[in-house]
Amino acid sequence: MSGQTLYDKIWDSHRVRDYDDGTSLLYIDRHLVQEVSSPQAFDGLAERGVTLRRPDAHVAVADHAVPTRLRANHLPRGLAGDQISRLVRNARAFGIPYIPMNDRRHGIVHVIGPELGFTLPGVTLVCGDSHTCTHGAFGALAFGIGASECETVFATQTLRQRKQKRMRVTLAGQLGTGVYVKDIILALIAKIGTGGGFGHAIEFAGEAIADLSMEARMTLCNMSIEAGSRVGMVAPDEKTIAYVKGRPLAPEGDMWTRAVETWRNLGSDPDAVFDREVELDVSQIAPHVSWGTTPEETLPVTAAVPDPRLEPEPDRRARMERSLAYMGLAPGTALSDVSIDRVFIGSCTNGRIEDLRNAAAIVRGRRIADHVVGIVVPGSAAVRSEAEAEGLDAVFRAAGFEWRDSGCSMCVAMNDDRLRPGERCASTSNRNFEGRQGQGGRTHLMSPAMAAAAAVAGRLTDVRNLDA
Amino acid sequence: MQKFTKLSGVAAPLPETNVDTDVIFPARFLLLPNKTGLGAQLFHERRMRKDEDETPPFVLDTPPYDRSEILVAGRAFGTGSSREQAVWALADFGIRCVIAPSFGEIFFANCFKNGILPIVLSEKEHAAVLAEAIAARPIVVDLESLAITLENGRSIGFEVEAHRRRSLLLGLDEIGSILIDDAGAITAFETRQRETHPWLFLNQARLGRFGDEVE
Ligand code: SF4
């Protein structure tokens, strides 16, 4: 019999029972709760008269709808404020910890889960948010669910699931200068497509992984969903263990020793078999930017806007034409000639300390172009204070960026930070869908360093060409 | 949950690929508090006509498709965000069945929780059903016999996971059945896991400390 993968091991250790149709009831250890997907789930519980099976397995925070400036102690008015206060009320009524907007532990769910030590290797973790795959960076089985499934987890601490196929993405080689993990994941999505991971749980492996920091691994796993997979994971190693140690909710004392012993055995066995294997030589990757309205519509920044007339497949051609019309781009235009209006550095993809360091390194001693409005939004209050301790806020401010409080901000048009119709944005977020950053807004996805370079140049540009 | 057994009528064609949940239900409406009444925001940007003369009305606003209960969509329909609002909006608008070559996985799972049947067909069979939709010829979707029947009598089979089919046919509520059938197994699992993985259970003292720090 062949060995087990990381995914198999976590799956097996969380099976409550198997049903005769091949599905299993999977036990859920951890549930992160936010304001958008939880209200209807809490209402459902109230209607049933059911309480939470395990209140200690949930932590709540509002991230999508919170303002990122001028928020000292008051909620926004209107629907956003209502949504946040509803979460506060529900958390209190159902007895789960709620982290307020102005708390020093506030942040985007996928940034604070790991910071708090709520995210641990080997756990099953869910959240009513598709980027829950981020937590897979710790060797957790983490996936996004809908609001109805949130209700199921509240009430039963389980979900009925069918096991996915296993896919391994092996990353070989070393990244070149000016190339970052965001470029790896964008290049992978461009290669396998937004449906490439359908039905599969991805494990990222290979020599390039060992070099990546936990922050970088989170960026990688975060966008697994853009490759069509709900699950993206990396086996825990000493870096993982060092990151978790001493976090507020991480195990302590004897428990820590026992937990670490278990975590060291989680990695895929050498003879484990995957249903699909993909390899990527990361040393060949150039900085990437998206040009369309789906993350697979991405190219190296050195390329030109593609021409739909050269696309033989009619569905794809129609899709490209629609994307270019929405994006206001003409085929053949060099990507580095595309002028931008806004820059957004932040989100659960690239709102961590390392991302801010990489962006700050580019803008240090430079000014952003006059016609560009740029905002830097740390993914959490902890990231914000760490950046301030390093003086990064001063670097960004001096360059002309606004320095904000933590939240999803311009990643999603649910708060005050939005694009206006027709505005074009260099963004470190994960989705370039129509209207994602605001009705009619045009999004180009890229790494924090590339977004910083775009801010300085006033247009998309190859960060490798900025003079040192 | 509303039962699903059989539907018949003209299906609406929306063959575009990668129609994501931001297109189905734009993010800015996620602030709306309820599950019901979201049909007004369904495909909002597509249905808003900038130029009355030039932009043809959106398919779901064009008779006979404005009364369709079946949508024939393109590859990767419902990709992207996990927002169940996309499904609630479809349901509120009156869509009970979506047929596509592939779906976003979370969207797919969300459909079953709301009495909507998502059907995956091969590209070839999908093309046949799409042609019927474009020609506005009625089709029949039968969940009991797991078949789509075209007007010319051709029958196209499809698959649905057994428990999902049963839940749809009977309008079952999954939470209710887990609570009734599996409560014992869940408790037994927790007892075992407390022994083998005790660190996964945050005791009250620990959480209390955490809670206290949160003002
Ligand atoms: S930052 Fe963006 S992708 Fe991440 S949780 Fe917030 S809205 Fe979702």
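Residues numbered from 1 in each chain as written. Chains lettered and ligands numbered in written order. Predicted model: local features only at pLDDT ≥ 70, side-chain atom pairs only at ≥ 80, totals over all residues. Heavy atoms only, no water.

- The name an unreviewed UniProt entry assigns to chain B is 3-isopropylmalate dehydratase small subunit, from the organism Jiella mangrovi.
- In its Sequence similarities (unreviewed entry) section, the UniProt entry covering chain B states "Belongs to the LeuD family. LeuD type 1 subfamily."
- Under the UniProt heading Pathway (unreviewed entry), the note attached to chain B is "Amino-acid biosynthesis; L-leucine biosynthesis; L-leucine from 3-methyl-2-oxobutanoate: step 2/4." (UniProt positions renumbered as here; feature names shortened; annotations may be inferred.)

- An unreviewed UniProt entry annotates chain A as 3-isopropylmalate dehydratase large subunit of Jiella mangrovi.
- Word for word, the UniProt comment on chain A under Sequence similarities (unreviewed entry) is "Belongs to the aconitase/IPM isomerase family. LeuC type 1 subfamily."
- Regarding chain A, the relevant UniProt record gives this comment under Function (unreviewed entry): "Catalyzes the isomerization between 2-isopropylmalate and 3-isopropylmalate, via the formation of 2-isopropylmaleate."

Digging into the overall build of chain B
Logical step 1: From N to C terminus, chain B includes 9 helices and 8 strands.
Logical step 2: At 21 Å, chain B has a C-alpha radius of gyration far larger than the 17 Å of a compact globule built from 215 residues.
Logical step 3: Across its three principal directions, the C-alpha atoms of chain B cover 65 × 45 × 25 Å.
Logical step 4: Expressed as a percentage of contacts within chain B between residues at least 6 apart in sequence, the contacts between residues at least 24 apart total 67%.
Logical step 5: Total accessible area on chain B stands at roughly 9100 Å², and carbon and sulfur atoms take up 51% of it.
Logical step 6: Both charge centroids of chain B, one from 23 positive and one from 31 negative side chains, sit 3 Å from each other. (Helix = DSSP H or I, 4+ residues; strand = E, 2+ residues; numbered from the N terminus. Rg over C-alpha atoms; globule rule 2.2 N^0.38 Å. Contact = heavy atoms within 4.5 Å. Areas by Shrake-Rupley, 256 points an atom, 1.4 Å probe, with all protein chains shown as cover. Lys, Arg positive; Asp, Glu negative; His and termini not counted. Charge placed at Lys NZ, Arg CZ, Asp CG, Glu CD.)

Observations concerning the sheet that holds strand S17 (residues 402–403) of chain A
Residues and elements named next belong to chain A.
Logical step 1: Spatially, the 5 strands line up as an open sheet ordered S17-S16-S15-S18-S19, and their pairing is parallel. The open sheet is flanked by S17 and strand S19 (442–445), the only strands paired with a single partner.
Logical step 2: Where strand S15 (residues 342–345) and strand S16 (residues 373–376) come together, 4 bridges link them in parallel fashion. Considered in S16, the bridge of Ile345 is made with Val376.
Logical step 3: Against the sheet, helix H11 (residues 314–327) engages strand S18 (424–427) and S19, with an angle of about 110° to S19. (Pairing = 2+ DSSP bridges. Axes fitted to C-alpha atoms, helices over the stretch in contact; angles between N-to-C directions.)

Section: the pairing of S15 of chain A
All names here are of chain A.
Logical step 1: Side chains of S15 alternate between two faces, with Arg342 and Phe344 and Val343 and Ile345 buried alike.
Logical step 2: Direction of pairing for S15 relative to S18: parallel, over a ladder of 3 bridges. Across the sheet, Val343 pairs through a bridge with Ala426, a residue of S18. (Buried < 20%, exposed > 50% of the residue type's maximum accessible area, 1.4 Å probe, protein only.)

Quick notes on the domain arrangement of chain A
Residue and element names in this part refer to chain A.
Logical step 1: Partitioning chain A into structural domains gives domain 1 (6–164 + 237–263), domain 2 (166–228 + 269–284) and domain 3 (288–465).
Logical step 2: Inter-centroid distance (C-alpha atoms) of domain 1 to domain 3 is 28 Å.
Logical step 3: Taken together, the contact pairs 22 residues of domain 1 with 23 residues of domain 3.
Logical step 4: Where domain 1 touches domain 3, the interface holds 1 salt bridge.
Logical step 5: Here Arg69 ties to Glu402 by a salt bridge, and the two come within 3.6 Å at their closest N and O atoms.
Logical step 6: Ranked by residue count, the leading element in the side of domain 1 that touches domain 3 is helix H4 (residues 109–116), at 4 residues.
Logical step 7: Across the side of domain 1 that touches domain 3, the residue classes break down as 7 nonpolar, 9 polar and 6 charged. (Domains from an automatic or database assignment. Salt bridge = Lys/Arg side-chain N within 4 Å of Asp/Glu carboxyl O. Nonpolar A, V, L, I, M, F, W, Y, C, P; charged D, E, K, R; others polar.)

Re the UniProt feature "binding site: [4Fe-4S] cluster" (unreviewed entry) in chain A
All names here are of chain A.
Logical step 1: UniProt tags Cys348, Cys408 and Cys411 as "binding site: [4Fe-4S] cluster" (unreviewed entry). These residues run over 64 residues, yet every pair of their C-alpha atoms falls within 8.8 Å of each other.
Logical step 2: With respect to the helices, strands and loops of the structure, Cys348 is situated in helix H12 (residues 347–350).
Logical step 3: The contact partners of Cys348, leaving out residues within four places of it in the chain, are Ile108, His110, Val111, His131, Asn222 and Asn430.
Logical step 4: Along the polypeptide, Cys408 turns up in the loop between S17 and S18.
Logical step 5: In this structure Cys408 comes out as buried when scored by relative accessible area, which is 7%.

Considerations on the interface of chain A and chain B
Logical step 1: Across the contact, 89 residues belong to chain A and 68 residues belong to chain B.
Logical step 2: Interface of chain A and chain B: buried area, both sides summed, is about 6500 Å²; carbon and sulfur atoms make up 55% of it.
Logical step 3: At the boundary of chain A with chain B, the tally comes to 9 salt bridges.
Logical step 4: Among the salt bridges present, the one from Glu161 of chain B reaches Arg162 of chain A, with a minimum N-O distance of 2.3 Å. (Buried area = accessible area lost by both parts, 1.4 Å probe.)

A word on the site of the ligand
All names here are of chain A.
Logical step 1: The immediate surroundings of the ligand are formed by His64, Ile108, His110, Asp129, His131, Ser347, Cys348, Cys408, Cys411, Val412, Asn430 and Arg436.
Logical step 2: In terms of residue class, the shell around the ligand is made up of 5 nonpolar, 5 polar and 2 charged.
Logical step 3: Looking at which domains feed residues into the shell around the ligand, each of domain 1 (6–164 + 237–263) and domain 3 (288–465) supplies at least three. (Near = heavy atom within 4 Å.)

Brief notes about the packing of aromatic side chains
Logical step 1: Within this structure, the stated rule accounts for 14 aromatic pairs over all chains.
Logical step 2: Consider the rings of Phe138 of chain A and Tyr243 of chain A, whose centres lie 5.2 Å apart with planes at 65°: the pair is edge-to-face. One end of the pair, Phe138 of chain A, is in the loop between strand S6 (124–127) and strand S7 (141–144); the other, Tyr243 of chain A, is in helix H9 (residues 238–244), and 105 residues separate them in sequence. Side by side, Phe138 of chain A and Tyr243 of chain A carry an identical accessibility label, which is buried.
Logical step 3: Aromatic rings pair up to connect Phe77, Phe103, Phe107, Phe108 and Phe112 of chain B into one cluster.
Logical step 4: Residue placement shows Arg30 of chain A over the ring face of Phe118 of chain A; its charged tip is 5.2 Å from the ring centre. (Phe/Tyr/Trp six-rings, centres within 6.5 Å; stacked < 30°, edge-to-face > 60°. Lys NZ or Arg CZ within 6 Å of the ring centre and 35° of its normal.)

Considering the nonpolar core
Logical step 1: Ranked by size, the top nonpolar core spans 182 residues in total, and within it Phe204, Trp263, Phe396 and Phe401 of chain A together with Phe43, Phe77 and Leu90 of chain B carry the most contacts.
Logical step 2: In this structure Phe401 of chain A touches Val343, Ile345, Val363, Ile368, Gly374, Ile375, Val376, Phe396 and Ala455 of chain A, once residues within four positions along its chain are discounted. (Core = buried A, V, L, I, M, F, W, Y, C linked by side-chain atoms within 4.5 Å.)

Topic: the pairing of strand S10 (residues 200–205) of chain A
Remember that side chains alternate between the two faces of the sheet whenever the strand is regular.
Residue and element names in this part refer to chain A.
Logical step 1: Across the 6 residues of S10, 6 count as buried, placing the element largely inside the fold.
Logical step 2: As for the winding sense of the linkage, the β-α-β connection from strand S9 (residues 165–172) through helix H6 (residues 181–192) to S10 is right-handed.
Logical step 3: For S10 and strand S11 (residues 231–233), the ladder comprises 3 bridges, and the chain directions are parallel. Across the sheet, residue Glu203 finds its bridge partner in S11, namely Met233. (Right-handed = clockwise from strand over helix to strand, strands pointing away.)

Quick look at helix H13 (residues 353–363) of chain A
Logical step 1: Listing the buried residues of H13 of chain A in full gives Ile353, Asp355, Leu356, Ala359, Ala360, Ile362 and Val363 of chain A.
Logical step 2: Downstream of H13 of chain A by one or two residues, Gly365 of chain A has phi in the positive range, about 75°.

Re H6 of chain A
All names here are of chain A.
Logical step 1: Taking 1.5 Å per residue, 12 residues should reach 16 Å; H6 reaches 17 Å between its end C-alpha atoms and fits that length.
Logical step 2: Taken across its 12 residues, H6 has 10 buried, putting it largely inside the fold.
Logical step 3: For H6, the set of buried residues is Val181, Lys182, Asp183, Ile184, Ile185, Leu186, Ala187, Leu188, Ile189 and Ile192.
Logical step 4: Backbone geometry just after H6 places Gly193 at a positive phi near 85°. (Expected span 1.5 Å × (residues − 1).)

A word on the pattern of salt bridges
Any two side chains of opposite charge can pair, on the condition that their charged atoms come close.
Logical step 1: Under the defined criterion, the tally for this structure stands at 49 salt bridges over all chains.
Logical step 2: The closest approach of N and O atoms between Arg53 of chain A and Glu190 of chain B, which form a salt bridge, is 2.9 Å. A residue pair is termed interchain when its members come from two chains, as with Arg53 of chain A in the loop between helix H2 (39–48) and strand S4 (58–61) and Glu190 of chain B in helix H8 (residues 183–196).
Logical step 3: Given a relative accessible area of 27%, Arg53 of chain A falls into the partly exposed group.
Logical step 4: Between Glu297 of chain A and Arg319 of chain A there is a salt bridge, and its shortest N-O distance comes to 3.9 Å. Pair noted here: Glu297 of chain A is in the loop between strand S13 (288–290) and strand S14 (298–300) and Arg319 of chain A is in helix H11, with a separation of 22 residues, a long-range link. Here the two residues Glu297 of chain A and Arg319 of chain A agree in accessibility, since each one is buried.
Logical step 5: Salt bridges linked by common partners bring Glu296, Glu313, Asp315 and Arg316 of chain A together with Arg75 and Glu123 of chain B together as one network.

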